[in-house]
Amino acid sequence: MSASDEAYAQLRDGILHGRFEPGARLGEVELAETLGVSRTPVREALRQLAADGLVDLAPNRGARVATWSDAELQDTFELRGLLEPYGARRAATRIDDAELQRLEALCDDMERVGRPGPGQDLNLLSQLNADLHKSVLAASGNTKLLGLVGSVVSVPMVIRTFHRYSPDSLERSHRHHRELLASFRARDPDWAESVMRSHIHAARNVLLPNTSREGQG
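Positions within a chain are numbered from 1, following the residues in the order the chain's sequence is written. Where totals are concerned, whole chains, interfaces and linings use all residues; where local detail is concerned, this predicted model gives features only for residues with pLDDT of at least 70, and gives and counts side-chain atom pairs only at 80 or more. Side-chain numbers here rest on the full set of heavy atoms in the structure, without hydrogens or water.

Some details on the sheet that holds strand β1 (residues 25–26)
Adjacent strands of a sheet form backbone hydrogen bonds with each other and so pair up, either parallel or antiparallel.
Here is step 1 of the chain: Strands are treated as partners if at least two bridges between them are detected by DSSP. Under the DSSP-based scheme used, a helix requires at least four consecutive residues in state H or I and a strand at least two consecutive residues in state E, with every element numbered from the N terminus. Pairing in this open sheet of three strands is antiparallel, and the strands run β1-β3-β2 from one edge to the other. Each end of this open sheet is capped by a strand with a single partner; those strands are β1 and β2 (55–58).
Here is step 2 of the chain: The sheet contact formed by β2 and strand β3 (residues 62–65) spans four bridges and is antiparallel. What sits directly across from D56, in β3, is R64.
Here is step 3 of the chain: Strands in contact with helix α3 (residues 39–52) are β1, β2 and β3; relative to β2, the strand with the most contacts, it is inclined by about 115°. Here, two residues are considered to be in contact whenever any of their heavy atoms come within 4.5 Å of each other. Axis lines are fitted to C-alpha atoms, over the contacting stretch for helices. Their N-to-C directions set the angle, which ranges from 0 to 180 degrees.

Rendered as structure tokens:
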């Protein structure tokens, strides 16, 4: 892996998992020192992150972690509400036993690290949640769908979804995951699609509680 690829991977991971907050300045000098590389690979990495939509680059103002309006986040959840239920529906009739066991283990881990108290780790919870959703999409057997959703879910990851969840909202999210697993074990595509749609809508309402749902299915 080249220095620019390594810088890109580390910065992208830091943005997606909340180590760089939305709107935070990304200084080339400081990042180069932190990553142990020269400024050139950092500059190249920032350009790629800007192409991904994760960084805003402005002439004479440098780079900042991208921010999104409520309208943009609403659009994101509309897309997720269309794509992920479809993926869950396909997965229900295609998922194998090994994938079911992996999803169950992810549910166990998410409930463990999300439990309120001194051991709670919401950043790790976000990573596990991303793994679970990717696993469902992978089980759908549609590789293009996985890529499409992957480009969409970066936005909620950036704003660190679970840091905005109340204990009740977090518990509801866990229940949705368990019910989704049950629908897969039952090989019931209608049930799986319905659970995923409810799950996405619930997440949207945590992040955008005052946004109109006009036009939503």
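Regarding the packing of helix α6 (residues 122–139) against helix α9 (residues 167–185)
Here is step 1 of the chain: Look at α6 against α9: their axes get within 13 Å of each other, and the N-to-C directions meet at 25°. By the angle between their axes, α6 is roughly parallel relative to α9. For the pair α6 and α9, the crossing hand works out as left-handed. When α6 is examined against α9, the residues L125, N129, L132, H133 and V136 are found in contact with a partner set consisting of L170, H174, H177, L180 and F184.
Here is step 2 of the chain: Here the residues of the contact of α6 with α9 sort into six nonpolar, four polar and no charged. Relative orientations are named as follows: roughly parallel for angles under 35 degrees, roughly antiparallel for angles over 145 degrees, roughly perpendicular for angles from 65 to 115 degrees, and oblique for any other angle. It is the rotation of the near helix from the far one that decides the hand of a crossing: anticlockwise by less than a right angle makes it left-handed, clockwise makes it right-handed. Residue type decides the class: Asp, Glu, Lys and Arg count as charged, Ala, Val, Leu, Ile, Met, Phe, Trp, Tyr, Cys and Pro as nonpolar, and the leftover types, Gly among them, as polar.

Comments concerning the nonpolar core
Here is step 1 of the chain: We define the nonpolar core as a collection of buried residues of types Ala, Val, Leu, Ile, Met, Phe, Trp, Tyr and Cys that are connected through side-chain atoms lying within 4.5 Å of one another. With a 1.4 Å probe rolled over the protein chains alone, any residue whose accessible area is under 20% of its type maximum counts as buried; one over 50% counts as exposed, and the rest are partly exposed. The biggest cluster of nonpolar side chains holds 32 residues, and the ones touching the most others in it are L103, V136, L180 and F184.
Here is step 2 of the chain: Taken together, the elements giving at least two residues each to this core come down to α4 (70–92), α5 (97–114), α6, α9 and α10 (189–207).
Here is step 3 of the chain: When neighbours within four sequence positions are excluded, L103 is seen to be in contact with I95, L132, S135, V136, L181 and F184.

Brief notes about the packing of α6 against helix α7 (residues 143–152)
Here is step 1 of the chain: In the contact formed by α6 and α7, the axes pass within 8 Å of each other and the chain directions differ by 155°. As judged from the angle between their axes, α6 and α7 are roughly antiparallel. The two elements α6 and α7 meet at a crossing, and its hand is right-handed. Residues K134, L137 and A138 of α6 pack against L145, L146 and V149 of α7.
Here is step 2 of the chain: Of the residues in the contact of α6 with α7, the class split is five nonpolar, no polar and one charged.

Some remarks on the pairing of β3
Here is step 1 of the chain: Side chains of β3 alternate between two faces, with A63 and V65 buried and G62 and R64 left unburied.
Here is step 2 of the chain: Two strands pair when backbone bridges link them, and β1 and β3 are joined in this way by two bridges, in the antiparallel orientation. Each residue of the ladder has a partner; that of L26, found in β3, is A63.
Here is step 3 of the chain: The loop that links β2 with its antiparallel partner β3 comprises three residues; one of these, N60, has a positive phi angle of about 65°.

So, the confidence of the model for the protein chain
Here is step 1 of the chain: Predictor confidence is given residue by residue as pLDDT, running from a minimum of 0 to a maximum of 100. For the protein chain, per-residue confidence averages 88 on the pLDDT scale, and residues scoring 70 or more make up 93% of the total.
Here is step 2 of the chain: Segment residues 212–217: pLDDT under 50, and eight contacts once partners within four positions in sequence are set aside and those in other chains are kept.

Details of the environment of L137
Here is step 1 of the chain: Examined against the element boundaries, L137 turns out to sit in helix α6.
Here is step 2 of the chain: A residue is classified by how much of its surface remains accessible, and L137, at 4% relative accessible area, is buried.
Here is step 3 of the chain: Between the C-alpha atom of L137 and that of G147, which follows or precedes it by ten residues, the distance is 9.3 Å.
Here is step 4 of the chain: What L137 contacts, discounting residues up to four positions off in sequence, is G87, N142, L145, L146 and V149.

As for the pattern of salt bridges
Here is step 1 of the chain: Salt bridge, as applied in this entry: a Lys or Arg side-chain nitrogen positioned within 4 Å of an Asp or Glu carboxyl oxygen. For the coordinates displayed, the defined rule picks out 13 salt bridges.
Here is step 2 of the chain: Of the charged contacts, one joins E84 and R80 as a salt bridge, the two residues approaching to 2.6 Å between their closest N and O atoms. Note that E84 and R80 are positioned in helix α4 at a spacing of four residues, about one turn of the helix.
Here is step 3 of the chain: The buried category is assigned to E84, whose relative accessible area is 1%.
Here is step 4 of the chain: Its salt-bridge partner being R197, residue E193 comes within 3.2 Å of it at the nearest N-O pair. Within this pair, E193 and its partner R197 are both found in helix α10, separated by four residues, close to a single helical turn.
Here is step 5 of the chain: Connected via shared salt-bridge partners are R89, D190, E193 and R197.

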